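Understanding the architecture of this molecule
This is what each chain is made of:
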Amino acid sequence: MSAILLEAHAVAKRFGGIRALHDVSLTIRQGEIYGLIGPNGAGKTTFFNVLTGLYSATTGSFTFAGAPLKISAPHQVARAGIARTFQNIRLFANMTALENVMVGRHVRTRAGVLGAVLRDAGTRAEEAAIERRALEMLHYVGIADRANDLARNLPYGDQRRLEIARALATDPKLLALDEPAAGMNATETAALRTLVAGLRADGLTVLLIEHDVKLVMGLCDRVAVLDYGEKIAEDVPEKVQRDPKVIEAYLGV
Amino acid sequence: MLVALALMTLPFALSAAGTAWVRITNLAILYVFLSLGLNIVVGYAGLLDLGYVAFYGVGAYVYALLASPHLGIHLPFWIILPIGAALAAIFGVLLGTPTLKLRGDYLAIVTMGFGEIVRIFLNNLSRPINITNGPQGIARIDPVRLDGINFGRDDVWFGLTVNGPTKYYYLLLLLLIAVIVVNMRLQNSRIGRAWEAIREDETAARAIGIDTTRIKLLAFAMGASFGGVAGGMFAAIQEFISPESFVLTESVMILAMVVLGGMGNIWGVIAGALLLSFAPEMLRYTVVPVQMAVFGRLLIEPEVIRMLLFGLALVLMMRYRPAGLWPLRARQREFSKQDVAK
Ligand SMILES: Nc1ncnc2c1ncn2[C@@H]1O[C@H](COP(=O)(O)OP(=O)(O)OP(=O)(O)O)[C@@H](O)[C@H]1O
Ligand SMILES: [Mg+2]
């Protein structure tokens, strides 16, 4: 059994009267694809938002890569090595695909105003490295030919890929994908599946929210099920699929 | 090359039409500085700032106080200009800090208030200790002196009379090149991309690892420093300043220049600033003679026509070119298609 990368300890989140997350604890292991599923409104996206620091947890905490995860601002979470995509694609629409990914390198680079103005050798080298790396990422997700297109002009499936490339550019240890296959056709979904499986093969740990049951069951090593903010199951896909509590939650009995 | 030659000889051509036109050109260049500075805040980072003139005022008063008989201090301009830029940048951070959570309309209102506060301070800091000399303003400000050349006076070089405004024109042209280079380099940098990312989607920018607090304050500070430089040059050229020069309508005008040209696009912003600086002057010099010739008397004041055209331009812009005359296009990067496609 491989090492534990992320641990959530009784994470809770309330919005006024709504209990969006209720004492959710889970463990994600190094190098696995971990699925997070559940009916609409179960709290999956909220879990991402709390984890990445966009919302603050009401109670609970995280351990990441062996140390407590300090979530005082989202950029610190990104620096710690957690990158994410959004359920509703959030790209920098009026920047090119390449520039989008270059922004992803921000957290791993240092040039400041002085470097930008003086363009010293160090800054130029860093800038070249940023561009090279960003282009590599575009190649990796397979949209390098669209590098100079504005993000908003890309077809839907490519926008999803671009968002993944931008997240990868931050050198994450954990990549959190919020419904990456939403709105994709069968071909695009199949390609996405290959891409995510490739990420695992390259040693990345993936946290995947997905509604497409076939995709989740085929791809994930382990799956957790949320229902009304509570974790009702966590196991390998085959077992989760047969869990009566899960079936009940999905059928809404 | 041709452009360079034209720019070099411009003051002599303009002098033929009257020294006033050289002065007008100099002011227009100052507005280019201001617009490029505001463009960093509004165009790049997407933060609506309606109090930008405050930084212009700070720069101007720093120069006036450090180079005039008012306090009896006479520092050279190349020392004052950086001080003015730095102090304006600090004011930028002062404005930025409390407004970090605000966007759009709310930000515009708070920044507008900030601009007014600075102006009111300039107006009233004559008591108990006289710092700004109140509404009377500060007079007899030192002109720029560089290497024995006094920019406030006429000189005869090689049998050619070079007047003060012409000398300032060349100095401003040099500064302008520096300002444009700095702007372009900033835009095309790690920081510039972070600004644009915040403008495009602040939440995504945060999640991807951008410390939006720091990067926004940096935008306010950098934008303000350009205003500070412009203010310093303004004080030196005019040799007199008063709070009246730093009113809200100036902020609005600078914002109009940025928006007219095309937010975020350096060349668009420059064109917008030149257009809005020169057009009123052209009108001033044509409206009266034309009316006198046609009607034999003055029917409509130039000022009325100016506001009329300004309003009309705004309406037409909103209808037909909401993104500006020369909107921001994706910057094409300089590598070939094959390189990308493989
Ligand atoms: N910012 C917010 N303010 C108030 N309530 C919220 C907020 N965000 C989420 N909620 C509520 O929290 C609950 C969980 O929402 P969440 O978006 O996490 O669900 P989800 O599992 O991602 O659903 P879906 O599959 O539809 O994306 C819902 O009842 C939702 O209305
Ligand atoms: Mg969701």
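Here's what I pulled together on the structure shown here. Keep in mind that this is a model prediction, so the values were computed, not measured.

Residue and element names in this part refer to chain B. Over its 30 residues, helix H11 (residues 266–295) extends 42 Å from the first C-alpha to the last, a length consistent with the 44 Å expected when each residue adds 1.5 Å. At Thr286, H11 is bent by approximately 25°, the largest bend along its length, and proline Pro289 sits one to four residues beyond. Sitting at the head of H11, Asn265 places a side-chain oxygen 3.2 Å from the backbone nitrogen of Trp267. Gly296 sits one or two residues past H11 and shows a positive phi near 80°.

Moving on, we get to the interface of chain A and chain B. By a widespread convention, an interface's size corresponds to the accessible area lost as its parts come together. Of the residues lining the interface, 42 residues belong to chain A; the matching set on chain B comes to 36 residues. Three residues stand out in chain A for area buried against chain B, namely His106(A), Val113(A) and Asn148(A), and they jointly supply 18% of the buried area on that side. Scanning the region where chain A abuts chain B turns up two salt bridges. Residue Glu127(A) pairs with Arg193(B) through a salt bridge whose shortest N-O separation is 2.6 Å. Where chain A touches chain B, the interface holds 10 residue pairs in polar contact (both at pLDDT 80 or more). Contributions of two or more residues to the side of chain A that touches chain B are made by helix H2 (74–80), helix H3 (97–104), helix H4 (113–118), helix H5 (121–141) and helix H6 (156–168) of chain A. In the side of chain A that touches chain B, the residues fall into 22 nonpolar, 10 polar and 10 charged.

All right, on to the site of ligand 1 then. Residue and element names in this part refer to chain A. Near ligand 1 there are 13 residues, and of these Gly41, Lys44, Thr45, Thr46 and Gln87 occur at the shortest range. In this structure, an oxygen atom belonging to ligand 1 sits 3.2 Å away from a side-chain N or O atom of Asn40. Burial of ligand 1 by the protein amounts to 65% of the accessible area it has alone, namely 640 Å². By residue number, the principal contributor to the shell around ligand 1 is helix H1 (residues 44–51), which donates three residues. Among the residues making up the shell around ligand 1, the classes are represented as four nonpolar, seven polar and two charged.

All names here are of chain A. Across the five residues that make up strand E8 (residues 205–209), a large majority, five, are buried. Residues Thr205, Leu207 and Ile209 line one face of E8 and the alternating positions Val206 and Leu208 line the opposite face, and both faces are buried. The pairing of strand E3 (residues 33–37) with E8 spans four bridges and is parallel. Residue pairing across strands places Leu36 opposite Ile209, the latter belonging to E8. Here five bridges tie strand E7 (residues 174–178) to E8, and the two strands are oriented parallel to one another. Pairing of Asp178 across the sheet is with Ile209, part of E8. A crossover connection joins E7 to the parallel E8 through helix H7 (residues 186–201); in handedness this β-α-β unit is right-handed.

Residues and elements named next belong to chain B. Over its 20 residues, helix H4 (residues 77–96) runs 28 Å from end to end, which matches the ideal 28 Å to within 8%, given 1.5 Å per residue. The complete set of buried residues in H4 reads Phe77, Ile80, Leu81, Gly84, Ala85, Ala88, Ala89, Gly92, Leu95 and Gly96. Among the structural elements, helix H3 (53–66), strand E1 (67–68), helix H5 (104–124), strand E3 (145–146), helix H6 (164–187) and helix H9 (212–238) are those in contact with the buried residues of H4.

Residues and elements named next belong to chain A. Protein coordination of the magnesium ion (ligand 2) is provided by Thr45 (OG1) and Gln87 (OE1), with donor distances spanning 1.9 to 2.1 Å. Linking Thr45 in helix H1 with Gln87 in the loop between strand E6 (82–84) and H3, this pair joins segments that are 42 residues apart in sequence. For Gln87, a relative accessible area of 30% corresponds to the partly exposed category.

Attention now goes to the pattern of salt bridges. Residue and element names in this part refer to chain A. If you walk through the whole model with that rule in mind, you get 17 salt bridges over all chains. One salt bridge in this structure joins Arg133 and Glu136, with 3.7 Å as the shortest N-O distance. Of the two residues, Arg133 and Glu136 both sit in helix H5, three residues apart, roughly one turn of that helix. A relative accessible area of 43% places Glu136 in the partly exposed class. Three or more residues are tied together by salt bridges with common partners; here these are Glu32, Arg222, Lys231 and Glu234.

Moving on to unusual backbone geometry. Generally, phi is negative for residues other than glycine and the peptide bonds are trans, each holding for most cases. The omega angle of the peptide bond from Arg127(B) to Pro128(B) is -5°, so this bond is cis rather than trans. Tracing the backbone through its elements, the reader meets Pro128(B) in the loop between H5 and E3. Residue Tyr228(A) is not a glycine yet carries a positive backbone phi of 45°. Position of Tyr228(A) relative to the elements: it lies in the loop between strand E9 (222–227) and strand E10 (230–235).

Attention shifts here to the packing of aromatic side chains. Taken as a whole and judged by the stated rule, the model has 11 aromatic pairs over all chains. Taking 6.3 Å as the distance between ring centres and 25° as the angle between the ring planes, the aromatic pair formed by Tyr44(B) and Trp195(B) counts as stacked. Residue Tyr44(B) is found in helix H2 (residues 19–44), and its partner Trp195(B) is found in helix H7 (residues 190–200); the two are separated by 151 residues along the sequence. Residue class for Tyr44(B) comes out buried when judged on its relative accessible area of 0%. Ring plane angle 45° and centroid distance 5.4 Å describe the contact between Phe151(B) and Tyr168(B), whose orientation is recorded as tilted. Linking Phe151(B) in the loop between strand E4 (149–150) and strand E5 (155–157) with Tyr168(B) in helix H6, this pair joins segments that are 17 residues apart in sequence. Pairwise contacts between aromatic rings join Tyr56(B), Tyr61(B), Phe234(B) and Phe246(B) into one cluster. Residue placement shows Arg90(A) over the ring face of Phe86(A); its charged tip is 5.5 Å from the ring centre. Lying over the aromatic face of Phe92(A), Arg166(A) brings its terminal NZ or CZ to 4.6 Å of the ring centre.

Examined against the element boundaries, Val162(B) turns out to sit in strand E6 (residues 160–162). Considered as a pair, Val162(B) and Ser15(B) are 147 residues apart in the sequence and their alpha carbons are 9.9 Å apart.

Calculation criteria
Residues numbered from 1 in each chain as written. Chains lettered and ligands numbered in written order. Predicted model: local features only at pLDDT ≥ 70, side-chain atom pairs only at ≥ 80, totals over all residues. Heavy atoms only, no water. Helix = DSSP H or I, 4+ residues; strand = E, 2+ residues; numbered from the N terminus. Expected span 1.5 Å × (residues − 1). Bend = angle between axes of the 7 residues up to and from the residue. Polar contact = N/O pair within 3.5 Å; in protein donor to acceptor, adjacent residues only side chain to side chain. Contact = heavy atoms within 4.5 Å. Buried area = accessible area lost by both parts, 1.4 Å probe. Salt bridge = Lys/Arg side-chain N within 4 Å of Asp/Glu carboxyl O. Nonpolar A, V, L, I, M, F, W, Y, C, P; charged D, E, K, R; others polar. Near = heavy atom within 4 Å. Areas by Shrake-Rupley, 256 points an atom, 1.4 Å probe, with all protein chains shown as cover. Buried < 20%, exposed > 50% of the residue type's maximum accessible area, 1.4 Å probe, protein only. Pairing = 2+ DSSP bridges. Right-handed = clockwise from strand over helix to strand, strands pointing away. Donors = N, O, S within 2.8 Å, 3.2 Å for Na, K, Ca; no water. Phe/Tyr/Trp six-rings, centres within 6.5 Å; stacked < 30°, edge-to-face > 60°. Lys NZ or Arg CZ within 6 Å of the ring centre and 35° of its normal.

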